[in-house]
Amino acid sequence: MKKSTVTEIKERFDNDVERFANLETGQVATMDAQISLELLTSAAKAIKPKATTVLDIGCGAGNYTLKMLSKTPNLNATLIDLSQNMLDKAHERVTEATTGKVETIQGDIRDIQLPQHHFDIILAGAVLHHLREDADWEFVFQKLFDSLTVGGCLLISDLLIQDHEGVNQLIWNRYGEYLAQHGGEEYQKKVFDYIEKEDTPRSMTYQLDLMKKVGFSSVEILHKNACFGAFGGIK
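Just so you know, these numbers come straight off a predicted model, no measurement behind them.

Definitions and cut-offs
- Residues numbered from 1 in each chain as written.
- Predicted model: local features only at pLDDT ≥ 70, side-chain atom pairs only at ≥ 80, totals over all residues.
- Heavy atoms only, no water.
- Helix = DSSP H or I, 4+ residues; strand = E, 2+ residues; numbered from the N terminus.
- Expected span 1.5 Å × (residues − 1).
- Bend = angle between axes of the 7 residues up to and from the residue.
- Buried < 20%, exposed > 50% of the residue type's maximum accessible area, 1.4 Å probe, protein only.
- Axes fitted to C-alpha atoms, helices over the stretch in contact; angles between N-to-C directions.
- Parallel < 35°, antiparallel > 145°, perpendicular 65-115°, else oblique.
- Left-handed = near helix turned anticlockwise from the far one by under 90°.
- Contact = heavy atoms within 4.5 Å.
- Nonpolar A, V, L, I, M, F, W, Y, C, P; charged D, E, K, R; others polar.
- Pairing = 2+ DSSP bridges.

**Student:** Mind showing me how you'd approach helix α7 (residues 165-198) here?
**Tutor:** Spacing of three or four residues puts side chains on the same side of an α-helix, whose turn is 3.6 residues. Between its first and last C-alpha, α7 extends only 20 Å over 34 residues, short of the 50 Å set by a 1.5 Å rise per residue. G183 marks where α7 bends most, by close to 125°. Residues I171, W172, Y175, G176, Y178, L179, V191, I195 and E198 constitute the buried set of α7.

Written as structure tokens, this is what we have:
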């Protein structure tokens, strides 16, 4: 199947702002969304307790930055998303929650110039699975590494595949059961169809190995349940 273009992905998110601004409804298809959000932001605070800057990639309606601000107040926040509608909502919500500077950048992380050695914390919630080729993944991971301060962290919560085909099938069957329980078989089909069309997830081990390859000094696994996980790297 031909995968969605960046423009098609942008259009889908442009039309879905309110759902993603609601923590209860925005994340039903994501197993353990709340746990991952809590762990990611708590880990960021533990890794970089004196952080002053956060970059939120694929920020959506701003949930990750808002959670981060509840733990480390008044950060300067840079928010990136394909969807201007999402950015407008995120800017409105984050501005109310910090005295720091809030900057929004509309576009694809592959195309955006990031400052070097600038961000203490980079959060990437349910976004990197839109990357396609190995070269894309390596380019983005290198770019994010370069833009971190020493001791800073890149923390990811995302959809994952498994490296072994049999194990992958087992895990995705479990996810299918989860979706059917939460929304019935039609909902399960809808979610699987848009994953098939839109997403190209990689395994957690692939991403941890890639982090080490581009220069991260250490990596951490925070959580994994079926085809979802929270993990990261420290510069």
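There's more to say after this.
**Student:** Even after reading the chapter, I still don't get the packing of helix α3 (residues 33-47) against helix α4 (residues 63-71), so can you show me in this structure?
**Tutor:** Angle between the axes and distance between the axes: these two values describe a pair of packed helices. Running from N to C, α3 and α4 cross one another at 50°; their axes reach a closest spacing of 9 Å. Judged by the inter-axis angle, α3 sits oblique to α4. The interaxial crossing formed by α3 with α4 has right-handed handedness. Along the contact surface, α3 presents L37, E38, L40, T41, S42, A44 and K45, while α4 presents N63, Y64, K67, M68 and K71. The class makeup of the residues in the contact of α3 with α4 is 5 nonpolar, 3 polar and 4 charged.

**Student:** Help me out: how do you make sense of the sheet that holds strand β6 (residues 218-225) in this one?
**Tutor:** What links the strands of a sheet is backbone hydrogen bonding, and the strands pair in either a parallel or an antiparallel sense. Read from one edge to the other, the open sheet built from 7 strands follows the order β3-β2-β1-β4-β5-β7-β6, with strand pairing classed as mixed. With one partner strand each, in any of the chains shown, β3 (102-106) and β6 form the two edges of the open sheet. Shown here is a sheet whose adjacent strand axes are inclined to one another by a mean of 15°, direction ignored. Docked against the sheet, α4 engages β1 (53-57), β2 (76-81), β4 (119-125) and β5 (148-159), running at close to 135° with respect to β4. Against the sheet, helix α6 (residues 134-147) touches β1, β4 and β5, its axis set at about 140° to β5.

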